[in-house]
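Fold and geometry: a report
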Amino acid sequence: MIDDLNPTRRNLLIGAAALASASGLAAGTSPALARAPFARTQPAYFYRFPLGKAQVTMVSDGTLALGKPSDTMKGMSEAEIAQALTDNFLPTDSVVLEQNIAIVNMGNRLIMFDSGMGFSKAFGTTTGRLMRSLGEARIRPEQIDDIIITHAHIDHIGGLATERGRRLFPNATIHISKVDHDFWTDEAKLSDRTLGLFVRHARANLLPYRDRIKWVTGGQEVVPGVQAVNAPGHSVGHTIYLIESDGKKLAFTGDVTHHQILLTERPRTEFAYDSDPKQAVDTRLRVFDMLSKDRIPMLAFHFPWPGHGYLGRTGPETFRFFPAPMAIG
Ligand SMILES: [Zn+2]
């Protein structure tokens, strides 16, 4: 073929081939060269949408890999779990959760809901992204007025203080259930084989704020526009929050459910980290009933990013998560 080409074009082709082999890009081993190389960057890990007269910014603390699904999901057989994950195009070897932290600007105060893993690497190195995500969203830690906590587990209180006990949010008041705070900061549990890790981190992150903590009670207003709702079971004092602005509602549901399929389409599945799995199931069904009946959008802490959507009832005790469309305003 080359012999058919005119001399100028032929020389060009030979020159190009020589260049390719000289740089190690021999034919057959290199990808086609696009006009741009593969990019190495990702978009920032925040997402912002309006809620009435307030503004919600979701920021991520990164993904959290729980490992083998049957180690954490109880009440379904390994085969049932694998089938449910496969049917939903999810990997079957590990359950990977997001950590969706909400920052709500009510106009007169900036409120953060939960805080991620912080310095702990107990669930791998992809967690602990909160500060970077806040920076990407142009939110400074000192601007946060209130931090409202669902429960004192490591992935919800972890981002409050440094390993040396310095408060990362110098102007914030912490709002948390007293029952949950006292359970997870209890010195006597430090030596417990299963609870010890969680207690150590709850103490490291909450004790530096001991003079800036306010107790939340279910049924009461935490700050204007935010109501606490008792949701125990996953943890002794687990509390969820209804946020309201100008007639628009949003529920920050913490760990009522960790998984959009295994604990939502099958809400009677039990979760290994529940303090009281039976009570957690009752709470899950009660909260799901309220959210689906009243069509209240939810922010699910561990659902696929950014965890914003609705629950629809699909049967007497089955539900489905419907992600909300992008709403930039
Ligand atoms: Zn959690």
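Only a predicted model underlies this, so the values are computations on that prediction, with no experimental measurement involved.

As for the coordination of the zinc ion
With distances of 2.1 to 2.2 Å, the protein atoms coordinating the zinc ion are Asp155 (OD), His156 (NE2), Asp255 (OD) and His302 (NE2). Coordination at the zinc ion comes from four donor atoms whose angles at the metal span 85 to 161°, giving a geometry best classed as irregular. Here the donor residues of the zinc ion share one chain and are spaced in sequence as D-H-x98-D-x46-H.

Description of the layout of surface pockets
For the largest pocket, the calculated volume is near 200 Å³. Together, Phe49, Pro50, Leu51, Lys248, Lys249, Leu250, Pro297, His308, Tyr310, Ala324, Pro325 and Ala327 line the largest pocket. Only strand 1 (46-51), strand 14 (248-252) and strand 17 (308-315) provide two or more residues apiece to the lining of the largest pocket. Across the lining of the largest pocket, the residue classes tally to nine nonpolar, one polar and two charged.

What about empty space enclosed by the protein?
The final tally for this structure, using the stated rule, is two cavities of 30 Å³ or more. Its boundaries defined by the atoms lining it, the largest cavity holds a volume of some 100 Å³. Lining the largest cavity are 14 residues, with Leu66, Phe123, Asp155, Phe198 and Tyr273 sitting closest to its centre. Among the elements of the structure, strand 3 (64-67) and helix 5 (154-157) are those that each provide at least two residues to the lining of the largest cavity. A volume near 50 Å³ is recorded for the second largest cavity. Lining the second largest cavity are Ala231, Pro232, His234, His238, Asp255, Val256, Asp274, Ala280, Thr283 and Arg284. For the lining of the second largest cavity, the residue count by class is four nonpolar, three polar and three charged.

Quick look at the packing of aromatic side chains
What the rule picks out here adds up to twelve aromatic pairs. Judged by centre distance (5.0 Å) and plane angle (75°), the ring pair of tyrosine 45 and tryptophan 305 falls under edge-to-face. Taken as a pair, tyrosine 45 in the loop between helix 1 (7-22) and strand 1 and tryptophan 305 in the loop between strand 16 (298-299) and strand 17 lie far apart in primary sequence, 260 residues in all. Look at tryptophan 184 and phenylalanine 198: their rings are 5.8 Å apart centre to centre, the planes differ by 40°, and that puts the pair in the tilted class. Linking tryptophan 184 in helix 6 (residues 178-184) with phenylalanine 198 in helix 7 (residues 196-206), this pair joins segments that are 14 residues apart in sequence. Under the relative-accessibility criterion, tryptophan 184 is labelled buried at 3%. Here the aromatic cluster, defined as three or more aromatic residues joined through ring pairs, consists of Phe123, Phe183, Trp184, Phe198, Phe271 and Tyr273. In this structure, arginine 167 packs its charged tip against the face of tyrosine 209, placed 5.7 Å from the ring centre.

Considerations on the side chain of serine 94
Structurally, serine 94 can be placed in the loop between helix 3 (78-87) and strand 5 (95-97). At 3.2 Å, the side chain of serine 94 forms a polar contact with the backbone nitrogen of glycine 67. Discounting residues that sit within four places of it in the chain, serine 94 has contacts with Ala65, Leu66, Gly67, Lys68 and Pro69.

A look at helix 8 (residues 277-293)
Here helix 8 contains 17 residues, and its C-alpha end-to-end distance of 24 Å stays within 8% of the 24 Å for a straight helix at 1.5 Å per residue. Directly beyond the C-terminal end of helix 8, a positive phi value near 50° is found at arginine 295.

Concerning the nonpolar core
The biggest cluster of nonpolar side chains holds 66 residues, and the ones touching the most others in it are Phe113 and Phe169. Setting aside chain neighbours within four positions, we find phenylalanine 169 in contact with Met112, Leu130, Met131, Leu134, Pro141, Ile144, Ile147, Gly159, Leu160 and Tyr209. Ranked by size, the runner-up nonpolar core spans 18 residues in total, among them Leu242, Leu291, Ile296 and Phe303.

Focus: the sheet that holds strand 10 (residues 213-216)
Read from one edge to the other, the open sheet built from seven strands follows the order 1-2-6-7-8-9-10, with strand pairing classed as mixed. Whereas interior strands pair on both sides, the edge strands pair on one side only; in this sheet they are strand 1 and strand 10. Neighbour-to-neighbour, the strand axes of this sheet turn through a mean angle of 25°, independent of strand direction. Sheet topology note: the strand 8 (residues 146-148)/strand 9 (residues 173-177) ladder contains three bridges and is parallel.

Some points on the pattern of salt bridges
Applying the stated criterion across every chain yields a total of 13 salt bridges. Taking the shortest distance from any N to any O, the salt bridge between lysine 178 and aspartate 182 comes out at 2.5 Å. Of this pair, lysine 178 and aspartate 182 are both found in helix 6, four residues apart, which corresponds to roughly one turn of the helix. By relative accessible area, which is 40% here, lysine 178 ends up partly exposed. Taken together, the shared-partner salt bridges connect Arg129, Arg132 and Glu136 into one network.

Cut-offs applied
- Residue numbers restart at each chain and count upward from 1, following the sequence in its written direction.
- In keeping with the model being predicted, local features are shown solely for residues with a pLDDT of at least 70 and side-chain atom pairs are shown and tallied solely at 80 or more, while totals for entire chains, interfaces and linings include all residues.
- Side-chain metrics in this entry use all non-hydrogen atoms of the structure; hydrogen atoms and water are not considered.
- Nitrogen, oxygen and sulfur within 2.8 Å of a metal are treated as its donors, or within 3.2 Å for sodium, potassium and calcium (Na, K, Ca); water is not counted, so a site can appear incomplete.
- Tetrahedral means four donors with every angle between 85 and 135 degrees, whereas square planar (four donors) and octahedral (six donors) require angles over 155 degrees between opposite donors and between 65 and 115 for all others; sites fitting neither are termed irregular.
- Using a grid of 1 Å spacing that covers the protein atoms alone, one calls a set of points a cavity when a 1.4 Å probe fits there but cannot get out, and a pocket when the set is open and has protein on both sides within 12 Å along at least five of seven lines; lining residues are those with an atom within 4 Å of a point.
- Grid points are joined across faces, edges and corners, and a volume is the space filled by probe spheres set on the points.
- A run of H or I in DSSP becomes a helix once it reaches four residues, and a run of E becomes a strand once it reaches two; helices and strands are each numbered from the N terminus.
- Nonpolar residues are Ala, Val, Leu, Ile, Met, Phe, Trp, Tyr, Cys and Pro. Charged residues are Asp, Glu, Lys and Arg, and all others, Gly as well, are polar.
- Here the aromatic set is Phe, Tyr and Trp, taking the six-membered ring for Trp, and pairing holds for ring centres within 6.5 Å; pairs whose planes are under 30 degrees apart are stacked, those over 60 apart are edge-to-face, and all others are tilted.
- Burial classes follow relative accessibility: with a 1.4 Å probe on protein chains only, a residue under 20% of its type's maximum area counts as buried, one over 50% as exposed, and anything between as partly exposed.
- In this scheme, the term charge over a ring applies when either NZ of a lysine or CZ of an arginine sits within 6 Å of the ring centre and within 35 degrees of the ring normal.
- Two N or O atoms count as a polar contact when they lie within 3.5 Å, although within protein this holds only if one can serve as hydrogen donor and the other as acceptor, and sequence-adjacent residues are included solely when both atoms are side-chain atoms.
- Contacts: residue pairs with any heavy atoms within 4.5 Å of one another.
- In this analysis, the expected span of each helix is defined as 1.5 Å times one less than the number of residues it contains.
- Nonpolar cores are built from buried Ala, Val, Leu, Ile, Met, Phe, Trp, Tyr and Cys residues. Side-chain atoms within 4.5 Å join them into one set.
- Pairing between two strands requires that DSSP report at least two bridges joining them.
- In this analysis, axes come from line fits to C-alpha atoms, helices being fitted only over the stretch in contact, and the angle between any two N-to-C directions falls in the range 0 to 180 degrees.
- Take a side-chain nitrogen of Lys or Arg and a carboxyl oxygen of Asp or Glu: if they are within 4 Å of each other, that pair is a salt bridge.

Any link to function would need more than the numbers given here.
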